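As a plain string of letters, each chain reads:
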Amino acid sequence: MASEHVIEEKKQGQALVTQTKEGNTKKLFIESYGCQMNMNDSEIVAAVLATEGYNTTNSLEEADLVLVNTCSIREKAELTIRKRLQKYNRVRIDQNPKMKIGVLGCMAERLKVKFLEEEKMVDLVVGPDAYRDLPNLLREVSDGKDAINVLLSKEETYGDVSPVRLNSNGVSAFVTITRGCDNMCTFCVVPFTRGRERSRDPKSIIDEATDLWNKGYKEITLLGQNADSYLWYGGGLKKDFSKASEIAQATAVDFAKLLDMVATALPKMRIRFATSNPHDMHENVLHAIAKHTNICKYIHLPVQSGSTRILEKMNRQHTREEYITLIDKIRKIIPDCSISHDLITGFCTETEADHKETLSLMDYVKYDFGFMFAYSERPGTLAAKKMPDDVPLEVKKRRLTEIIDKQMKHSKIRLERFIGQTVEVLIDGISKKNKNEWKGRNSQNAVVVFPKTGNEKLGDFVQVKVTKATAATLIGKLV
Ligand code: SAH
Ligand code: F3S
């Protein structure tokens, strides 16, 4: 049976020592689970703690402080993190009694003080909007108290914090542009754990991107739970935009404008973004992507289900037909665009007929990639409160296998379209299978591997003629 996600389990893992500040003597071990924004948040946390005397380490045994940046999106993610906490505690008891342990991110926000009460193994609980308070909280911990801050903010975007790049290849970096989500999909815990939506000052985004370019980075991914909903009107919550002054409203910067500004300011930087909610993706964004050669021709456009009835129960605010119209527009305005999805099987009341609609939507779109999940009820969400989780687990799993199998076929067909073409690849590492080969991605986010010739290096843009496609990789040679 295919694995749960076709392409990759969204990255997780520990930070390696990548940047040290001279004079810092304390050691921070930080581990991140879940979405790309959590990876970037950990980089923000490392920056906040660098000013408090901490450098990162990859050794649990020697860490003064262990932080785990957590994910609540599915029950499985939370179970994995609980196991990690047990592991940290075993190391604390057996080898490193001075170690302090903290929980960051969505699970911290969801469980709050319960963490301190139930899990005696935790000293510190910090929600996603409270990382600036870490220095104070750590002082409380060193005074022997438990410390917690899970306040959500209307303003916080960490716009002025320059992240310490962890696990970096020196080529690609994340830049967060919005925080929180106002969409309230009925299955999703994110609006509760990350709060209301707010956007970051475009100037600070361009400054960070320029700084990355000056440091040799060649690709940035603009991140938001809902990137297309970006709206800067001088600060504050998106939902308060209608109360802003006429001038603020007239000079507001939306996502299409932001893309245009970043792509124009850094014409050689590759620009990616994630995630697009179909409900918030407007045609002007598609025109911005089409206009700039440095904006990658790739859109991650989660659909969750192909059935209008289920989409309505999920509160996705669009129908199957509206989604198809958007797909048709993408194909027309950006003909060579790759499209990927997130899909959930077995949401409340999903019938075999609904599932078939998902399969037929996949056949229509022929997605390049996909991230697929069985529905996992999350406490506190509207679905958990109001809708019975009534599709048996075996049925969720069987449907999941069916969509994964279909996606694998489509991924192969979509990759094969590149055979015979010459594509531009940004070299971002060495092939895992063969150290004499480079790996990188093309604009459409397909992974390409090719033999080294000795004349190119990490971070170069090169032209590769594609000769073959395996299940998830293109193989080629330099031209
Ligand atoms: N906007 C976010 C998406 C939220 S979480 C982003 O930037 O990625 C990512 C995906 O997890 C969702 O698109 C959805 O497919 C899946 N997901 C969210 N809640 C879930 C749940 N309760 N059960 C199963 N999958 C879920
Ligand atoms: Fe979750 Fe829907 Fe927002 S999936 S992150 S509530 S767009």
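Residues numbered from 1 in each chain as written. Chains lettered and ligands numbered in written order. Predicted model: local features only at pLDDT ≥ 70, side-chain atom pairs only at ≥ 80, totals over all residues. Heavy atoms only, no water.

In the structure shown here, the tally under the stated rule is seven aromatic pairs. Between Phe 255 and Phe 273 the ring centres are 5.2 Å apart and the planes differ by 70 degrees, which places this aromatic pair in the edge-to-face class. Taken together, the residues span a long stretch of sequence, with Phe 255 in helix α9 (residues 255-265) and Phe 273 in strand β14 (residues 270-274) at a distance of 18 residues. By relative accessible area, which is 1% here, Phe 255 ends up buried. The cationic tip of Lys 452 hangs over the ring face of Trp 438; the distance from NZ or CZ to the ring centre is 4.7 Å. (Phe/Tyr/Trp six-rings, centres within 6.5 Å; stacked < 30°, edge-to-face > 60°. Helix = DSSP H or I, 4+ residues; strand = E, 2+ residues; numbered from the N terminus. Buried < 20%, exposed > 50% of the residue type's maximum accessible area, 1.4 Å probe, protein only. Lys NZ or Arg CZ within 6 Å of the ring centre and 35° of its normal.)

With 96% of its residues at a pLDDT of 70 or more, the chain shows a mean pLDDT of 94. Contacts for the low-pLDDT stretch residues 1-18, under 50 throughout, to residues beyond four places or in other chains number 56 contacts. (pLDDT = per-residue confidence, 0-100. Contact = heavy atoms within 4.5 Å.)

Let's shift gears to the domain arrangement of the chain. Segmenting the chain into domains produces domain 1 (5-149), domain 2 (172-415) and domain 3 (422-478). Counting residues at the interface gives 22 residues for domain 1, matched by 31 residues for domain 2. Summing the contributions of domain 1 and of domain 2, the shared interface buries around 2300 Å²; its carbon and sulfur component is 59%. Summed over the shared surface of domain 1 and domain 2, the number is five salt bridges. Across the salt bridge formed by Asp 129 and Arg 179, the nearest N and O atoms sit 3.8 Å from each other. Across the domain 1-domain 2 interface, the total number found is ten residue pairs in polar contact (both at pLDDT 80 or more). Of all the secondary-structure elements, those providing two or more residues to the side of domain 1 that touches domain 2 are α1 (36-50), α2 (75-94) and α3 (105-111). Top contributing element to the side of domain 1 that touches domain 2 by residue count: α1, with six residues. Residues belonging to the side of domain 1 that touches domain 2 are distributed by class as follows: eight nonpolar, five polar and nine charged. (Domains from an automatic or database assignment. Buried area = accessible area lost by both parts, 1.4 Å probe. Salt bridge = Lys/Arg side-chain N within 4 Å of Asp/Glu carboxyl O. Polar contact = N/O pair within 3.5 Å; in protein donor to acceptor, adjacent residues only side chain to side chain. Nonpolar A, V, L, I, M, F, W, Y, C, P; charged D, E, K, R; others polar.)

Next up on the list: the site of ligand 2. With respect to spatial proximity, the complete set of residues near ligand 2 consists of Cys 181, Asn 183, Met 184, Cys 185, Phe 187, Cys 188, Val 190, Pro 191, Gln 225, Asn 277 and Arg 316. In terms of residue class, the shell around ligand 2 is built from seven nonpolar, three polar and one charged. (Near = heavy atom within 4 Å.)

Attention shifts here to the sheet that holds strand β16 (residues 338-345). Overall, parallel pairing links the three strands, which are arranged β15-β16-β17 in an open sheet. Taken across any chain shown, the strands that pair with only one partner, and hence form the sheet edges, are β15 (298-300) and β17 (369-374). With direction set aside, neighbouring strand axes in the sheet form an average angle of 10 degrees. For β16 and β17, the ladder comprises six bridges, and the chain directions are parallel. The partner of Asp 342 across the bridge, within β17, is Phe 371. (Pairing = 2+ DSSP bridges. Axes fitted to C-alpha atoms, helices over the stretch in contact; angles between N-to-C directions.)

This paragraph deals with the site of ligand 1. Among the 14 residues in the neighbourhood of ligand 1, the closest are listed as Gln 225, Thr 275, Gln 304, Asp 342 and Ser 376. Between Thr 275 and ligand 1, the recorded distance is 2.8 Å, taken from a side-chain N or O atom to an oxygen atom. Here an oxygen atom of ligand 1 and a side-chain polar atom of Asp 342 are 2.6 Å apart. Here ligand 1 loses 89% of its free accessible area of 550 Å² to cover by the protein chains. Secondary structure elements with two or more residues in the shell around ligand 1: β16 and β17. Broken down by class, the residue content of the shell around ligand 1 amounts to six nonpolar, five polar and three charged. (Areas by Shrake-Rupley, 256 points an atom, 1.4 Å probe, with all protein chains shown as cover.)

Turning to the side chain of Thr 70, a few remarks are in order. Locating Thr 70 in the fold gives a position in strand β4 (residues 65-70). Only 2.9 Å separates the side chain of Thr 70 from the backbone nitrogen of Met 107, close enough to count as a polar contact. Apart from residues no more than four positions distant in its own chain, Thr 70 is found in contact with Tyr 33, Asn 38, Ile 81, Val 103, Leu 104, Gly 105, Cys 106, Met 107 and Ala 108.

Moving on: the nonpolar core. By size, the foremost hydrophobic cluster in this structure holds 53 residues, and its most contacted members are Leu 259 and Ile 299. Residue contacts for Ile 299: discarding those within four places in its chain leaves Phe 273, Ser 276, Met 281, Leu 286, Ile 289, Ile 330, Ile 334, Cys 337, Ser 338, Ile 339 and Ser 340. Core analysis: the next-biggest nonpolar cluster, separate from the first, contains 25 residues, Ala 47, Leu 65, Leu 138 and Val 141 among them. (Core = buried A, V, L, I, M, F, W, Y, C linked by side-chain atoms within 4.5 Å.)

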